[in-house]
Amino acid sequence: MNATDAVHPMWLPAGATAHLAGRTVAVVGEAPLADTVRGEVRSAGAVSEGTPDVVLGTATALEAAGITAPSAPEAAESFAIGRRDGVTVVSARDAAGLLYGWFALVRLGAAALDDALVDTPHSPAHAVRMLDHWDNVDRHEVMGQIERGYAGDSIFFANGRVRDELSRVAEYARLLASIGVNRVAVNNVNVHRREARLLTDDLDELARIAAVFRPWGIRLHLSVTFASPILLGGLDTSDPLDARVASWWAEATHRVYATIPDFGGYLVKADSEGQPGPFAYGRTHADGANLLARALAPHGGMVHWRAFVYNHHQDWRDRRTDRARAAYDHFTPLDGLFDDNVVVQIKYGPMDFQTREPVSPLFSGLNRTRQALELQVTQEYTGHQLHAVYLGVQWAEILRFRPFGDAGPALGSLVRGGLAAVSNVGDDVFWTGHPLAQANLYAYGRLAWDPDADPLAILDEWIGLTFGTDETVRATIHEILDDSWRVYESYTAPLGVGFMVRPGSHYGPDVDGYEYTPWGTYHFADRDGIGVDRSVATGTGFAGQYPEPWRTAYERPETTPDELLLFFHHVPYGHRLHDGTTVIQHIYDTRFAGLAAVERKRDAWAAIAGRVPEAVFARVSERLDEQLRSAREWRDQLNSYFLRKSGVPDAKGRTIY
Ligand code: GCU
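What you see is a predicted model, and the numbers here were worked out from it, not measured in a lab. (Residues numbered from 1 in each chain as written. Predicted model: local features only at pLDDT ≥ 70, side-chain atom pairs only at ≥ 80, totals over all residues. Heavy atoms only, no water.)

Enquirer: Would you explain the packing of aromatic side chains in this entry?
Expert: To describe a pair of aromatic rings, one takes the distance between the centres and the angle between the planes. Overall, the coordinates contain 34 aromatic pairs when judged by the stated rule. Ring centres of F401 and W550 lie 4.8 Å apart, and the angle between their planes is 35°; this geometry places the pair in the tilted category. Here the residue F401 occupies a position in the loop between α13 (392-400) and α14 (411-414), and W550 occupies one in helix α19 (residues 550-555), the gap between them amounting to 149 residues. A relative accessible area of 13% places F401 in the buried class. Linked through ring pairs, F401, F542, Y546, W550, Y554, F567 and F568 together constitute an aromatic cluster. Over the aromatic face of F524 sits the side chain of R319, whose NZ or CZ is 3.7 Å from the ring centroid. Positioned above the aromatic ring of Y310, the side-chain terminus of R323 is 3.8 Å from the ring centre. (Phe/Tyr/Trp six-rings, centres within 6.5 Å; stacked < 30°, edge-to-face > 60°. Helix = DSSP H or I, 4+ residues; strand = E, 2+ residues; numbered from the N terminus. Buried < 20%, exposed > 50% of the residue type's maximum accessible area, 1.4 Å probe, protein only. Lys NZ or Arg CZ within 6 Å of the ring centre and 35° of its normal.)

Enquirer: I would appreciate a short explanation of the UniProt feature "domain: Glycosyl hydrolase family 67 C-terminal" (unreviewed entry) in the protein chain in the present structure.
Expert: The feature "domain: Glycosyl hydrolase family 67 C-terminal" (unreviewed entry), as given by UniProt, occupies residues 432-654 in the numbering adopted here. With 50% helix and 2% strand, the stretch residues 432-654 has end C-alpha atoms that lie 37 Å from each other. (UniProt positions renumbered as here; feature names shortened; annotations may be inferred.)

Enquirer: Hey, could you run me through the sheet that holds strand β16 (residues 371-376) in this one?
Expert: Whenever strands of a sheet pair, they do so through backbone hydrogen bonds, lying parallel or antiparallel. On the basis of which strands lie adjacent, the closed barrel formed by eight strands has the order β6-β11-β12-β13-β14-β15-β16-β17 and parallel pairing. Pairs of neighbouring strands in the sheet enclose a mean axial angle of 25°, with direction left out of account. Here four bridges tie strand β13 (residues 265-268) to strand β14 (residues 302-306), and the two strands are oriented parallel to one another. Across the sheet, the residue bridging to V268 is W305, located in β14. Against the sheet, helix α7 (residues 203-213) makes contact with β11 (183-185) and β12 (219-223), and its axis sits at roughly 145° relative to β12, the strand it touches most. (Pairing = 2+ DSSP bridges. Axes fitted to C-alpha atoms, helices over the stretch in contact; angles between N-to-C directions. Contact = heavy atoms within 4.5 Å.)

Enquirer: Sorry, what's going on with the side chain of D239 here?
Expert: Mapped onto the elements of the fold, D239 is located in the loop between α8 (228-231) and α9 (243-259). The class of D239 is buried, set by a relative accessible area of 11%. Engagement of the side chain of D239 in a polar contact is seen with the backbone nitrogen of L241, the distance being 2.9 Å. For D239, the residues in contact, after removing those within four places along its chain, are V245, Y281 and R283. (Polar contact = N/O pair within 3.5 Å; in protein donor to acceptor, adjacent residues only side chain to side chain.)

Enquirer: I tried to follow the site of the ligand on my own but got confused; where do I start?
Expert: Near the ligand lie 13 residues; those nearest to it are E147, K269, R306, K347 and E380. Side-chain polar atom of N190 to an oxygen atom of the ligand: 2.9 Å apart, as the coordinates give it. A distance of 2.7 Å is found between an oxygen atom of the ligand and a side-chain nitrogen or oxygen belonging to R306. About the coverage of the ligand: the protein hides 96% of its 320 Å² of free accessible area. When the residues that make up the shell around the ligand are grouped by side-chain class, the tally is three nonpolar, two polar and eight charged. (Near = heavy atom within 4 Å. Areas by Shrake-Rupley, 256 points an atom, 1.4 Å probe, with all protein chains shown as cover. Nonpolar A, V, L, I, M, F, W, Y, C, P; charged D, E, K, R; others polar.)

Enquirer: Help me out: how do you make sense of the UniProt feature "domain: Glycosyl hydrolase family 67 catalytic" (unreviewed entry) in the protein chain in this one?
Expert: Per the UniProt record, the feature "domain: Glycosyl hydrolase family 67 catalytic" (unreviewed entry) sits at residues 119-431. End C-alpha to end C-alpha, residues 119-431 measures 35 Å, and it is 28% helix and 17% strand.

Enquirer: Would you mind showing me how to read the layout of surface pockets here?
Expert: The method is simple in principle: a probe with the dimensions of a water molecule rolls over the atoms, and the space it marks as empty is what remains. Here the largest pocket is characterised by a volume of approximately 590 Å³. Taken together, 30 residues make up the lining of the largest pocket; nearest its centre are M143, E147, R148, E273 and H506. Considered class by class, the residues forming the lining of the largest pocket number 11 nonpolar, 10 polar and nine charged. For the second largest pocket, the calculated volume is near 340 Å³. Taken together, 16 residues make up the lining of the second largest pocket; nearest its centre are R107, L108, H122, R446 and E461. (1 Å grid on protein atoms, 1.4 Å probe; cavity = no way out; pocket = protein on both sides within 12 Å on 5 of 7 lines; lining within 4 Å. Points joined across faces, edges and corners; volume = space filled by probe spheres on them.)

Enquirer: What should I look at first to understand the sheet that holds strand β4 (residues 87-92) in this one?
Expert: Read from one edge to the other, the open sheet built from five strands follows the order β1-β2-β4-β3-β5, with strand pairing classed as mixed. Looking at strand neighbours, the two that pair on one side only are β1 (25-28) and β5 (120-122), the edges of this open sheet. Ignoring which end each strand starts from, the neighbouring axes of this sheet average 15° apart. Looking at chain direction, strand β3 (residues 79-84) and β4 are connected through six bridges and run antiparallel. The residue bridging I81 from the neighbouring strand is V90, located in β4.

Enquirer: Where do I start with the nonpolar core in this structure?
Expert: The nonpolar side chains of a soluble globular protein tend to be buried with one another. Ranked by internal contacts, the top residues of the largest apolar core, which has 203 residues, are W102 and W462. Not counting the four nearest positions on each side in its chain, W462 is found in contact with W11, P435, L436, Q438, A439, Y442, F467, I477 and L481. Core analysis: the next-biggest nonpolar cluster, separate from the first, contains seven residues, A61, L62, V87 and V89 among them. (Core = buried A, V, L, I, M, F, W, Y, C linked by side-chain atoms within 4.5 Å.)

Enquirer: Hey, could you run me through the pattern of salt bridges in this one?
Expert: Working definition: two side chains of opposite charge can pair if their charged atoms are close together. For the structure on display, the rule yields 45 salt bridges. Where R244 meets D242, a salt bridge forms, and the shortest distance between an N and an O atom there is 2.8 Å. Linked by salt bridges that have partners in common, R356, E397, R486 and E489 make up one network. (Salt bridge = Lys/Arg side-chain N within 4 Å of Asp/Glu carboxyl O.)

Enquirer: It is not clear to me how the packing of helix α3 (residues 95-108) against helix α4 (residues 167-178) should be interpreted in this structure. Could you clarify?
Expert: Pairs of packed helices are described in terms of their axes, by the angle between the two and the distance that separates them. At a minimum axis distance of 9 Å, the contact between α3 and α4 shows a crossing angle of 80°. Classified by the interaxial angle, the pair formed by α3 and α4 is roughly perpendicular. Packed against α3, whose contacting residues are L99, Y100, F103 and R107, the element α4 presents R174, A177 and S178 at the interface. The residue makeup of the contact of α3 with α4, split by class, is four nonpolar, one polar and two charged. (Parallel < 35°, antiparallel > 145°, perpendicular 65-115°, else oblique.)

Enquirer: In this structure, what is going on with α9? I would like to understand it.
Expert: Working note: α-helix, 3.6 residues per turn, so residues spaced by three or four point in the same direction. With 17 residues, α9 extends 25 Å from end C-alpha to end C-alpha; this agrees with the ideal 24 Å at 1.5 Å per step. Among the residues of α9, those classed as buried are V245, W248, W249, A252, T253, V256 and Y257. End-on view of α9: buried residues confined to an arc of 165°, all on one side of the axis. Among the exposed residues of α9, those oriented more than 90 degrees off its buried face are A243 and A258. Against α6 (198-201), α7, α8, β13 and α10 (285-296) lie the buried residues of α9. (Expected span 1.5 Å × (residues − 1). Arc of directions from axis to C-beta.)

Enquirer: Mind showing me how you'd approach the pairing of β1 here?
Expert: Consecutive side chains along a regular strand alternate between the two faces of the sheet. Of the two faces of β1, the one carrying V25 and V27 and the one carrying A26 and V28 are both buried. Pairing geometry for β1 and strand β2 (residues 54-58), over four bridges, is parallel. Directly across from V27, in β2, lies its bridge partner L56. The parallel pair β1 and β2 is bridged by helix α1 (residues 34-43), and the resulting crossover is left-handed. (Right-handed = clockwise from strand over helix to strand, strands pointing away.)

If you want it as structure tokens, here you go:
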């Protein structure tokens, strides 16, 4: 970006703290992050002298000062807010809770100072709320600097090393703290040669990033390559059961902690899409993960070990091999074998961050293993931050899914290892390319804190903070974003079949783009029907990886939810959905409806010209135009493809090419 361009403040513009300006805010106690909160108080234009309007402190500090306060929940990072004798009191369990309590006051707006404020406890559902950056130090030939990044270059790295100037990182850390994110992995899970050396050669530089994160309660994590002992240590092996390998990792990790005492841990993509791993030595992923876990354990660090392991050299002729099965088949035999500080990080679906997939059966398959749910904030398969797609609605649906049926827990509470998500941020002036994609980052943090939260209420909160109180603007952004995920689904790949994107970039339609490739992502459309038979009776058996009630539900087309029909079944074009529409007519209807919806959204935005900052207006307008163009391309390519394959005309006689 151009150094003279003002960076957009995302959801923390000056106006977000206007209700606190001129108020007296006292921060009691000397907790480590209390100074951060004092800095916030000052920049909000609040004062510390005089009779307080607001008091914040840890429960212990408040008690020592004789201040009555609502009781803070026991869990780490918790806080409670309430009113006592005309004063708003935030009582925090610990220093991090103090910081989160401050930002809760910001979110509340004027209500934070109202006598009607009732005591409310807040505690995070998960201790680990992480963002993964797929940033490279160097530019990558094909991907650019950030793998699947749609918002410019890395805010951490430039010119082959950690940036000298980290003010952008400091702003980012503040924004993340305000939504409760407490861990950040700074580099890509595909660890290339230069990035492998971060672990050894760049520790002092990484320590500078960690120092910027620290006042905001964020710990730095690093993606490492499993081949590090060979690449960096000069060993001839990285066999996890070789004692030399174990001691290399122990020493390397010791040096990391000597430089970054609060280092969070390692993130590992092993035996996946060409990354090295334990399979090369005939070892299991438990052997591999435990190797690193044991190096980290003495220092309190953890391993995020990704379950995204599958054969990416599949023969498309082979109908029995099913990529969707892979993670479960690899990892369930290892349940109970992972050390306590290993978290197996599982993508929400069994394939790869599609617009619609069933929740991965691995979550119910591992009962004695800590699991993290991995989401993708960056819009790899959902329009590259050129399309306005609010993912909070999708994530809430995933988090509310009950892997064991109604009587069991929701996924959002089942994952004891917390949440992780691929960030959508770069050095773009709006941080996220599409200004409305900021809502996704915001929603991720808020849902990681409270998976039961209503995604549309979160969106509303984000709109209020970012755009202020103009009700027309509020209504318009709701109109654009509330149903945007389903609208995107309606003009792209139908009924859970996935992909149909251009290979490589994953942007725009290409119905057969992946059909005859080694990637295992097929739709099997022919003249009679479409979809992947994953039933136990006649298909790949994937449906059988689920416990009841899902295994039975997914086994037959009649009991499979329509939106997942083609994920689980190959059906004729004339197959009727639950509302009586045939699959082929549904494809036509929803493609037409999807494009029409995008048109309405673009017009709605055009009507608020002058009510939002000019630069935001222009950027969003430009992207809505591209979304409309792209949606039209999707509609016409899909409709033409299916008309030509099936020979079934549109019942409504619309133009199909
Ligand atoms: C997808 C994505 C890759 C990424 C991979 C992963 O396949 O296209 O760019 O590396 O996921 O999650 O590891």
